[in-house]
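Each chain, letter by letter, is given below.
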Amino acid sequence: MYKLYFLPFLLFSATIFAQTDTTLLSKELQSVTISSSRIIAKDIQTPLSVTVIDQSRLQIGQSKISLFESLGAVSGVFAMNSENFAQDLRISIRGFGARASFGIRGLKIMMDGIPESIPDGTAKVGNLDVGMMERMEVIKGPASGLYGNASGGVISMFSENATKNFAEFQANIGAYGLQRYQFKTGQTLGKLMYFVSASRLQSTGYREHSRLERNFVNGKVIYQFTDKNKLTFLANYINSPKAEDAGALTQTEIDKNRQQARQANLTFNAYETFKQGRIAFIYDHNFNKKHQINARIFYLNRDFANQQAFQASGQIAFNRDFAGGGFNYQFSTKKYRLKTGLDLENQQDNRKRFDNLSGEKGTLRLDQIEEFSNIGVFILQEFSFNDKFRMSLNTRFDDVRLQISDKFLSDGDQSATQSFQKINPMLGFSYAPTPSQSIFINFSTNFETPSLNELSNNPSGVGGFNPNLNPQKSRNFEVSYKGILSKKFRVDLSFFYIEVEDEIVPYQLPNQATRTYFRNAGLSERKGIELGLTYKIRAGLTTYFNYTFSDFRYKTYQTTAGKFDGNMLTGIPKHNIYGEIRYFPNIGIYAIAQVRSISKIYADDANTVTNNAYMTINLRAGYKKNIGNFQLEPFIGINNLLNEIYNANVLINATANRYFEPASGSFIFGGLTLSIGK
């Protein structure tokens, strides 16, 4: 039951509350420039489904605990697992990423043009501090023609720049021990701009054994040599001493006590800890209007350990080196643009597994070096036949190589290698009857290799690769309309069809609860509709409405457990509704109301276990006051206003009926921001 009868009341209340006049000129209805499509263009003109979320919607009035708060505003995107920081958000775009047992799988995640996703296609957005983000661009649908392996969708984020000298301090507190503190500052000194942010996040968590502590430091320096060339330096460091894992429960256990942890997670002290640092250099040079180049290089190190809720090989530790770079050249004329280049990425994990003896390190069971390298070469072309008709043709070739070097030889040498070569095209046509409207169609293909974790989780119980797990391939067709009408109304409407071959599906074994393995599922199809509406009621008062329809089914899929032809794919709701109203003046009081409604979700391939439908309502309010050169902003928010009982996460094909991780009830937070120079 969606309970959307509350939405008109909220919208009416917020409209009455917003009668004070304001001078804000809202930017929601302007066409914006995007760069995640690799050829910089206006979002209206790009033959891709793209949504842009600006800084005000990412930060103001938000708790900034994670990206979960902002992703609901993007049609076609579904996120779960917002309260288990040991597993991170599970984000899916048009179904890609829904299978992840932890973190993000099958999507390309970028930060300031540098990949956050490692070459095997996995990522964790818990590495990123929402409080320093200026913009987020989301490309919905397969994009291997742009980014290669595991690009079922793209989330590209950008950190703030200091357009003038400023400093800001913010303190948040909230329910369940939430504390978040942040300081950021920046300056422009002639040709040099710098931005620095440091923050600390901690929480005791809603459930037992879900404590979190995480510290972030981020820095950016841009040196503008001339008006034609610049060098950007990026650096960040994350220290997460502990993120505890409360584990999944059965429905019976939830009915007894929603806040309890799974007993095995307590017995084995399930948690993760990591430290990660990254540096990057980006060089841009514009020779003239026709010729531009971009070069980048980066290095990341991650020192990670976690304890899982079982004994045999239940402790994992790895040290990761991830390095890469790339070079792009762009040629532009009035009617033709070409961008060509290459991406180089190499990941090396020194992975070990030990027995988990009730939280203590036991016998070494696995010791291997895992390598995943990817070389991608691409050619992107845009043909403008006239002011109204454009064609885009993208082609990318990827050479992917995987290797395991077994150092634990007591059970035999499990060293192995695999390689894949794949060409992915993307063809798009767009027609713009007016400068503020466009209709486009596109066809694209996508491929997704199993990740190192998916391959090395071998159900045979030995090291090396799972020999029965193959890459996933898909074909995508899409028709869309984008339009800004009467300067007050924006419509984004997409229809898509995706056919997926060898869909990679997670499962668990009865005697190995909480450990996830993967298999291929034959053929599946995804039919969907995405609708996004933005309406500017008046200056400073804007409403948003998103609806996503997802009819995702297996066409042919059979295992020893049964035949699942025609069943719905797991982990994705058929109906996903989001509504928001924002009263947002330049200065003074502001208010935000958000409604999120999710239909039932199937938790197993047989479609016998369901996660019930639910609806949540969030409210935010704050006040901005200038006092001399200072700006003061107290704010307060409440998530899940009606104290809806629902689950924050659903484990796919779990064993022992442990499918669900319960969500908290009403969650109140508030804080104070003090800034100077903004």
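What the chain contains, in helices and strands, is 7 helices and 41 strands. Scaling as 2.2 N^0.38, a compact globule of 678 residues should have a C-alpha radius of gyration of about 26 Å, and the chain matches this with 24 Å. Overall, the chain is about 70 × 55 × 50 Å in size when its C-alpha atoms are taken along their principal axes. Looking at the chain as a whole, 59% of its 678 residues are labelled buried. Within the chain, contacts between residues separated by at least 24 positions form 65% of all contacts whose residues are at least 6 apart in sequence. Accessible surface, the chain as shown: approximately 26100 Å² in total, 58% of it carbon and sulfur.

This brings us to the sheet that holds strand E8 (residues 114-115). Pairing is mixed in the open sheet, where 5 strands are placed in the order E3-E10-E11-E7-E8. Two strands lie at the open edges of the sheet, namely strand E3 (49-54) and E8, each paired on one side alone. Bridge analysis of E3 against strand E10 (residues 133-140) gives 6 bridges, and the strand direction is antiparallel. Paired with Val50 across the strands is Ile139, a residue of E10.

This part takes up the nonpolar core. Generally speaking, nonpolar side chains in soluble globular proteins are found buried as a group. Ranked by internal contacts, the top residues of the largest apolar core, which has 44 residues, are Leu67, Leu71, Ile91, Met136, Ile155 and Met157. Of all the secondary-structure elements, those providing two or more residues to this core are strand E4 (77-80), strand E5 (90-93), strand E7 (108-111), E10, strand E11 (153-159), strand E14 (192-203), strand E26 (489-501) and strand E30 (541-556). When near neighbours in sequence (up to four residues on either side) are disregarded, Leu67 contacts Leu58, Leu89, Val125, Val130, Met133, Met136 and Met157. By size, the runner-up hydrophobic cluster in this structure holds 16 residues, among which are Phe78, Ile254, Ile598 and Val650.

The element strand E24 (residues 437-448) is extensively covered by neighbouring structure, given that 9 of its 12 residues are classed as buried. Here 6 bridges tie strand E23 (residues 416-431) to E24, and the two strands are oriented antiparallel to one another. Note that in E24 the partner of Phe429 across the bridge is Ile441. Joining the antiparallel neighbours E23 and E24 is a turn of 5 residues.

With that settled, the discussion passes to a nonpolar patch on the surface. A cluster of nonpolar side chains, contributed by Phe327, Leu342, Leu344, Ile375, Val377, Phe397 and Ile423, occupies part of the molecular surface with about 570 Å² of accessible area. Listing elements by their share of the nonpolar patch, those giving two or more residues are strand E20 (336-357) and strand E21 (360-384). Summarising the element assignment, Ile375 is placed in strand E21. For Ile375, a relative accessible area of 42% corresponds to the partly exposed category.

It is worth spelling out the pairing of strand E13 (residues 178-189) at this point. Within a regular strand, side chains alternate between the sheet's two faces. Sheet analysis places strand E12 (residues 166-174) next to E13, joined by 9 bridges and oriented antiparallel. For Ala171, the partnering residue across the bridge sits in E13 and is Tyr181. Between the antiparallel neighbours E12 and E13 lie 3 residues, among them Tyr176 with a positive phi of about 55°.

The next point concerns the side chain of Arg320. Relative to the elements of secondary structure, Arg320 occurs in strand E19 (residues 315-332). In this structure Arg320 touches Ile118, Leu300, Asn301, Arg302, Gln347, Gln348, Asp349 and Arg351, once residues within four positions along its chain are discounted.

Quick look at the environment of Gln55 now. Note that Gln55 resides in helix H2 (residues 55-59). As for Gln55 and Phe158, which are separated by 103 residues in sequence, their C-alpha atoms are 9.7 Å apart.

To continue, consider the packing of aromatic side chains. Tallied over the full model, the rule gives 20 aromatic pairs. Relative to Phe225, the ring of Tyr223 lies with its centre 4.9 Å away and its plane at 75°, an arrangement referred to as edge-to-face. With relative accessibility at 35%, the residue Phe225 sits in the partly exposed group. Centroid distance Phe298 to Phe322: 5.1 Å. Interplanar angle 75°. Geometry classified as edge-to-face. Placement of the pair is Phe298 in strand E18 (residues 291-307) and Phe322 in strand E19, with a sequence separation of 24 residues. The ring of Tyr507 carries Arg519 above its face, with NZ or CZ at 4.3 Å from the centroid. Directly above the aromatic system of Phe584 lies the positively charged group of Arg582, at a separation of 4.9 Å from the ring centroid.

So, about the pattern of salt bridges. Taken as a whole and judged by the stated rule, the model has 40 salt bridges. For Glu530, the salt bridge identified is with Arg94, shortest N-O distance 2.8 Å. Of this pair, Glu530 sits in strand E29 (residues 523-538) while Arg94 sits in the loop between E5 and strand E6 (104-105), and the two are 436 residues apart along the sequence. What makes Glu530 buried here is its relative accessible area of 1%. Taking the relative accessible area as the measure of exposure, Arg94 reaches 2% and is therefore buried. Here Glu272 makes a salt bridge to Arg214, at a shortest N to O gap of 3.8 Å. You can see Glu272 sitting in strand E17 (residues 271-286) and its partner Arg214 sitting in strand E15 (residues 212-224), a full 58 residues away along the chain. Linked by salt bridges that have partners in common, Arg38, Arg296, Asp343, Arg396 and Asp398 make up one network.

Conventions we followed
Residues numbered from 1 in each chain as written. Predicted model: local features only at pLDDT ≥ 70, side-chain atom pairs only at ≥ 80, totals over all residues. Heavy atoms only, no water. Helix = DSSP H or I, 4+ residues; strand = E, 2+ residues; numbered from the N terminus. Rg over C-alpha atoms; globule rule 2.2 N^0.38 Å. Buried < 20%, exposed > 50% of the residue type's maximum accessible area, 1.4 Å probe, protein only. Contact = heavy atoms within 4.5 Å. Areas by Shrake-Rupley, 256 points an atom, 1.4 Å probe, with all protein chains shown as cover. Pairing = 2+ DSSP bridges. Core = buried A, V, L, I, M, F, W, Y, C linked by side-chain atoms within 4.5 Å. Patch = residues over 30% accessible without salt bridge, like charges linked within 9 Å, V, L, I, M, F, W, Y side chains within 5 Å. Salt bridge = Lys/Arg side-chain N within 4 Å of Asp/Glu carboxyl O. Phe/Tyr/Trp six-rings, centres within 6.5 Å; stacked < 30°, edge-to-face > 60°. Lys NZ or Arg CZ within 6 Å of the ring centre and 35° of its normal.

By themselves these figures say nothing about function.
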